[in-house]
Amino acid sequence: MSAEKISVLLLLAVIGSHAAPNASECDGLTKRLPTKDLNKIFSNWVLVWGVSDREEAIDMLPNVSSSHVEFKLLPDNKTFSYIERNMFNHNLSSCTTYFIHMTVPSNIETELQTLHADNIRLEKGRQPVEYNDTGAVDFYESCSDCLLLVYKSSRFRYLLSYKEEGSHRDVEQHKAAHDDHRKLAECLGFPKKKPYVYDRVADFCHKKSAPEANPDNQS
């Protein structure tokens, strides 16, 4: 095979790998998480990939060192806490924490539901900050140790992909999912912009990214 033909084939392969997803692909990628499976979100999660649809949010993403989220069902079994901790530029003093309470849908037989956050408390550097916006969350089906959601405020949207804490440092597994994330973003109408990608080592606002080495195991 000539060098010219090889070059053409390589070019076609590159174009194909970046082609916009078709309707069939979008149908497979945009499956919402059924309400009856909402219990799958209750865990600790680390943001590994994310995009937004507004320039100010897109410009902010490269400054995010880590984003850790905890979803926890509260004792009344009717509400759950949604705590998001963001660190910027590897600086602990920059930590921004959102404390959100959301209501568990009363009718889990309703197939798909958007969950709303109308009461959000914000702290920056452990100091309370006035926050008047509201939010809404759509969850999407993903792998067993993944969490995929779209967070919507009055000003912007984020498509956010998380890995369960403990498996968030698997670099190769995360890279393999990037193409699906990009296609999902296109299916949902997000602009083609450089995404946030977690570096797999940055610590969180409230804990280390990886457990400290056990001194007993060191020689």
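It should be noted that the structure appears before, not after, this text.
Residues numbered from 1 in each chain as written. Predicted model: local features only at pLDDT ≥ 70, side-chain atom pairs only at ≥ 80, totals over all residues. Heavy atoms only, no water.

Re unusual backbone geometry
Then comes step 1: One non-glycine residue, Asn-77, lies in the positive phi region at around 60°.
Then comes step 2: Inspection of the secondary structure puts Asn-77 in the loop between strand E2 (64–73) and strand E3 (79–88).
Then comes step 3: For Asn-77, a relative accessible area of 53% puts it in the exposed group.
Then comes step 4: Its identity as a non-glycine residue notwithstanding, Asn-89 has a phi of 55°, on the positive side.
Then comes step 5: Tracing the backbone through its elements, the reader meets Asn-89 in the loop between E3 and strand E4 (91–103).
Then comes step 6: A relative accessible area of 52% places Asn-89 in the exposed class. (Helix = DSSP H or I, 4+ residues; strand = E, 2+ residues; numbered from the N terminus. Buried < 20%, exposed > 50% of the residue type's maximum accessible area, 1.4 Å probe, protein only.)

Remarks on the layout of surface pockets
Then comes step 1: Of the volumes computed, that of the largest pocket is approximately 500 Å³.
Then comes step 2: Forming the boundary of the largest pocket are 23 residues, of which Met-60, Asn-86, Tyr-98, Phe-156 and Tyr-158 lie nearest the centre.
Then comes step 3: Looking at the lining of the largest pocket, the elements that each hand over two or more residues are helix H3 (55–60), E2, E3, E4, strand E6 (120–124) and strand E10 (157–164).
Then comes step 4: With 4 residues, the top contributor of residues to the lining of the largest pocket is E3. (1 Å grid on protein atoms, 1.4 Å probe; cavity = no way out; pocket = protein on both sides within 12 Å on 5 of 7 lines; lining within 4 Å. Points joined across faces, edges and corners; volume = space filled by probe spheres on them.)

Some details on the nonpolar core
Then comes step 1: With 45 residues, the main nonpolar core has Phe-71, Phe-139, Leu-149 and Leu-159 as its most contacted residues.
Then comes step 2: Dropping the residues within four chain positions of it, Phe-71 is found in contact with Ile-41, Phe-42, Ser-43, Trp-45, Phe-80, Ser-81, Tyr-82, Phe-139, Leu-147 and Leu-149. (Core = buried A, V, L, I, M, F, W, Y, C linked by side-chain atoms within 4.5 Å. Contact = heavy atoms within 4.5 Å.)

Topic: the pairing of strand E1 (residues 44–52)
Then comes step 1: A large share of E1 lies buried, amounting to 8 of its 9 residues.
Then comes step 2: Examined bridge by bridge, E1 and E2 share 3 bridges and lie antiparallel to one another. By the bridge assignment for E2, Val-46 is matched with His-68.
Then comes step 3: The sheet contact formed by E1 and E10 spans 7 bridges and is antiparallel. In the sheet register, Val-51 faces E10, and the bridge partner there is Leu-159. (Pairing = 2+ DSSP bridges.)

Details of the pattern of salt bridges
Then comes step 1: For the structure on display, the rule yields 17 salt bridges.
Then comes step 2: The closest approach of N and O atoms between Glu-123 and Arg-121, which form a salt bridge, is 3.1 Å.
Then comes step 3: Of the residues examined, Arg-121 reaches a relative accessible area of 44% and is grouped as partly exposed.
Then comes step 4: One network of salt bridges, in which partners are shared, links Glu-25, Asp-179, Arg-182, Lys-183, Glu-186 and Lys-192. (Salt bridge = Lys/Arg side-chain N within 4 Å of Asp/Glu carboxyl O.)

Concerning empty space enclosed by the protein
Which parts of space are left empty comes out when a probe the size of a water molecule is rolled across the atoms.
Then comes step 1: The tally for this structure, following the rule as stated, stands at 1 cavity of 30 Å³ or more.
Then comes step 2: Considered as a void within the structure, the largest cavity measures approximately 60 Å³ in volume.
Then comes step 3: Across the lining of the largest cavity, the residue classes tally to 6 nonpolar, 2 polar and 1 charged. (Nonpolar A, V, L, I, M, F, W, Y, C, P; charged D, E, K, R; others polar.)

A few points about the packing of aromatic side chains
Then comes step 1: One pass over the full model with this rule turns up 8 aromatic pairs.
Then comes step 2: Here the aromatic rings of Phe-71 and Phe-139 are separated by 5.7 Å at their centres, their planes lie at 70°, and the arrangement is edge-to-face. Here Phe-71 is found in strand E2, whereas its partner Phe-139 is found in strand E8 (residues 135–140), with 68 residues between them in sequence.
Then comes step 3: Look at Phe-71 and you get buried, because its relative accessible area is 2%.
Then comes step 4: The class of Phe-139 is buried, set by a relative accessible area of 4%.
Then comes step 5: Ring geometry for Phe-156 and Tyr-158: centres 5.0 Å apart, planes at 65°, overall edge-to-face.
Then comes step 6: In this structure Tyr-158 comes out as buried when scored by relative accessible area, which is 12%.
Then comes step 7: Aromatic ring contacts, followed pair by pair, group Phe-42, Phe-71, Phe-80, Tyr-82, Phe-139 and Tyr-151 into a single cluster.
Then comes step 8: Over the aromatic face of Phe-99 sits the side chain of Arg-121, whose NZ or CZ is 4.1 Å from the ring centroid.
Then comes step 9: A cation sits over an aromatic face here: Arg-157 above Phe-190, 4.0 Å from the ring centre. (Phe/Tyr/Trp six-rings, centres within 6.5 Å; stacked < 30°, edge-to-face > 60°. Lys NZ or Arg CZ within 6 Å of the ring centre and 35° of its normal.)

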